[in-house]
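A closer look at the structure
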Amino acid sequence: MAQDNCFANSLPENLDNCFNDESASGVSLRVQYIPAAFIESIALPPADGAMEATVKIAKGGIELAEGKSWKGIDLVMDENELKEVLVGGKANQKGQIEFTAMIPKFSTKALGWKRRFANVPLVLNVPDSNGRNWIVGTKFSPAMIESAETTTGKAYEDKAATTVVIKANTYVYLYEGDIVETQDPQAS
């Protein structure tokens, strides 16, 4: 049995809600990614303290290695979802993130991205429809592609796209800073 002080830092808080506050569901039509090896450091929040504070990475809390930068991916509208789930047995729950995304078109760029990053540990920024930056994966618990399928579709009205499921064995974090994406150099 757990000691009496085992849960001393598990202080309860109210989860209040104002029903007049606007809040949109879904994610942005553009996300950013970077190989986890390109992350110099991520200052994760402490596990104790106010509940909201345990989820937030402070502005400047993500440092990239010199010369490295975030890149972006366009997504199909209304086909993407970010989830944080608890996995494991009773009294042994752990956080896991699942991000399902649909990249438009049956294209060489999408096929090349899928092949290049199939086994590369990643960190993603998934902005939600309210403009908040949600971080998927960390330097030490990166996100990985679990599955990816590129299809032309069967009928004219079908979506030709790459559907990818990315998972990370960690919790999702809200980044209070800005993610700066760089453009690719122009081909000559």
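Details of the structure are given in the entry above.
Residues numbered from 1 in each chain as written. Predicted model: local features only at pLDDT ≥ 70, side-chain atom pairs only at ≥ 80, totals over all residues. Heavy atoms only, no water.

1. Side note on the layout of surface pockets
Rolled over the atoms, a probe sized like a water molecule indicates the empty space that remains. The calculated volume of the largest pocket comes to roughly 790 Å³. In terms of lining, the largest pocket is formed by 26 residues, of which the most central are Tyr33, Gly72, Lys109, Trp113 and Asp184. Where the lining of the largest pocket is concerned, the elements lending two or more residues are strand E1 (30-35), strand E5 (71-74), strand E7 (94-104) and helix H1 (108-116). The leading source of residues in the lining of the largest pocket is H1, at five residues. Of the residues belonging to the lining of the largest pocket, the class tally is 10 nonpolar, seven polar and nine charged. (1 Å grid on protein atoms, 1.4 Å probe; cavity = no way out; pocket = protein on both sides within 12 Å on 5 of 7 lines; lining within 4 Å. Points joined across faces, edges and corners; volume = space filled by probe spheres on them. Helix = DSSP H or I, 4+ residues; strand = E, 2+ residues; numbered from the N terminus. Nonpolar A, V, L, I, M, F, W, Y, C, P; charged D, E, K, R; others polar.)

2. Description of the environment of alanine 168
Structurally, alanine 168 can be placed in strand E11 (residues 161-168). We classify alanine 168 as buried; its relative accessible area is 1%. The spacing of alanine 168 and methionine 144 is 24 residues in sequence and 6.3 Å in space, taken between C-alpha atoms. (Buried < 20%, exposed > 50% of the residue type's maximum accessible area, 1.4 Å probe, protein only.)

3. A short note on the nonpolar core
Counting 24 residues, the largest nonpolar core has Phe99, Trp113 and Leu124 as its most contacted members. Broken down by secondary-structure element, the contributors of at least two residues to this core are E1, E7, H1, strand E8 (122-127), strand E9 (133-136), strand E10 (143-151) and E11. Ranked by residue count, the leading element in this core is E7, at four residues. With sequence-adjacent residues up to four places away left out, leucine 124 is seen in contact with Gln32, Tyr33, Trp70, Phe99, Trp134, Ile135, Val136, Ala143 and Ile166. Listed in part, the 12 residues of the second largest apolar core include Ala36, Ile39, Ile42 and Tyr173. (Core = buried A, V, L, I, M, F, W, Y, C linked by side-chain atoms within 4.5 Å. Contact = heavy atoms within 4.5 Å.)

4. Focus on the packing of aromatic side chains
The full count for this structure, using the stated rule, is three aromatic pairs. Ring plane angle 85° and centroid distance 5.9 Å describe the contact between tyrosine 33 and tryptophan 113, whose orientation is recorded as edge-to-face. You can see tyrosine 33 sitting in strand E1 and its partner tryptophan 113 sitting in helix H1, a full 80 residues away along the chain. Where tryptophan 113 meets phenylalanine 117, the ring centres are 6.0 Å apart and the plane angle is 40°; that geometry is what we call tilted. Across the pair, exposure class does not vary: tryptophan 113 and phenylalanine 117 are buried alike. A network of ring pairs unites the aromatic residues Tyr33, Trp113 and Phe117 as a single cluster. Over the ring of phenylalanine 38 we find lysine 68, and its NZ or CZ is 4.4 Å from the ring centre. Here the basic side chain of lysine 139 rests over the ring of phenylalanine 140, its NZ or CZ set 5.9 Å away from the ring centre. (Phe/Tyr/Trp six-rings, centres within 6.5 Å; stacked < 30°, edge-to-face > 60°. Lys NZ or Arg CZ within 6 Å of the ring centre and 35° of its normal.)

5. Section: the pairing of E11
Residues in a regular strand project their side chains so that they alternate between the two faces of the sheet. For E11, a buried count of six out of eight residues is recorded, marking the element as mostly surrounded by other parts of the structure. Relative to E11, E7 runs antiparallel, the two sharing eight bridges. When the bridges of E11 are listed, methionine 102 appears paired with threonine 163. Of the pairings in the sheet, the one linking E10 to E11 comprises eight bridges and is antiparallel in character. For serine 147, the partnering residue across the bridge sits in E11 and is valine 165. (Pairing = 2+ DSSP bridges.)

6. Re unusual backbone geometry
Positive phi is not limited to glycine here, since aspartate 78 has a value of about 65°. Following the sequence through the fold, aspartate 78 ends up in the loop between E5 and strand E6 (81-87). Judged by its relative accessible area of 69%, aspartate 78 falls in the exposed class. Phi is positive for alanine 91, close to 65°, though the residue is something other than glycine. Within the secondary structure, alanine 91 sits in the loop between E6 and E7. Judged by relative accessible area, alanine 91 falls into the exposed class, the value being 88%.

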